[in-house]
Each structure stands twice: as C-alpha cells, then as structure tokens.
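Summary of structural features
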Amino acid sequence: MDRKHKTGPNLRGLFSHITGQAAGFSCSDANKNKGKTNSENTLMDYLENLKKYIPGTKNIFAGISEFLLKEPVLLHT
C-alpha cells in the first residue's frame, strides 16, 4: 500500500492525530491551528463540509457522495 502524501496527507492512522500535524505534509495555518484530535465524529464533520469545519483552510476536498457518507466508509481507513 502506498503511504506517501499526495494532494492531501496520507490518512493512515488518522484517528488520534491532531489536525494539521501530518509529518512531512505542508498543512495550512488554519488546519494547524484547529487543534482538534481526529476521531470518527470529527471526520464526518470534515468530510461533509471541510471549509466550514476549518475556516480559512487552503486544503481542498472534492467531496464524497451522500450514499458513501451513510455507509461504513471508516472500515476502509
């Protein structure tokens, strides 16, 4: 499995990490300053509306279909 960063940081081991702290990835100041610990609950807020969850972020997220948001996508992370 390729664990390199791409457009965004690699999400392997995402839970329990603090936003904006992916080693080797240049995160926006807004993302670094959010200071939230990633969890299942915060991930859904992030996926549903990144710009609302982290105002001022330069990160982009193309989105996930409504169907996938309702399915156990987390099993694949």
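An unreviewed UniProt entry annotates the chain as Cytochrome c originating from Falco tinnunculus. Comment text from UniProt for the chain, heading Sequence similarities (unreviewed entry), reads "Belongs to the cytochrome c family."

Regarding the side chain of threonine 42
As for its position among the elements, threonine 42 is in helix H2 (residues 40–48). Polar side-chain contacts of threonine 42 include one of 2.9 Å to the backbone nitrogen of serine 39. Leaving out residues up to four positions away in the same chain, threonine 42 has contacts with Thr37 and Tyr53.

Things to note about the environment of serine 26
Along the polypeptide, serine 26 turns up in the segment before helix H1 (29–34). Owing to a relative accessible area of 66%, serine 26 belongs among the exposed residues under this scheme. Taking C-alpha positions, serine 26 is 9.9 Å from asparagine 59, a pair spaced 33 residues apart along the chain.

The rules behind the values
Residues numbered from 1 in each chain as written. Predicted model: local features only at pLDDT ≥ 70, side-chain atom pairs only at ≥ 80, totals over all residues. Heavy atoms only, no water. UniProt positions renumbered as here; feature names shortened; annotations may be inferred. Helix = DSSP H or I, 4+ residues; strand = E, 2+ residues; numbered from the N terminus. Polar contact = N/O pair within 3.5 Å; in protein donor to acceptor, adjacent residues only side chain to side chain. Contact = heavy atoms within 4.5 Å. Buried < 20%, exposed > 50% of the residue type's maximum accessible area, 1.4 Å probe, protein only.

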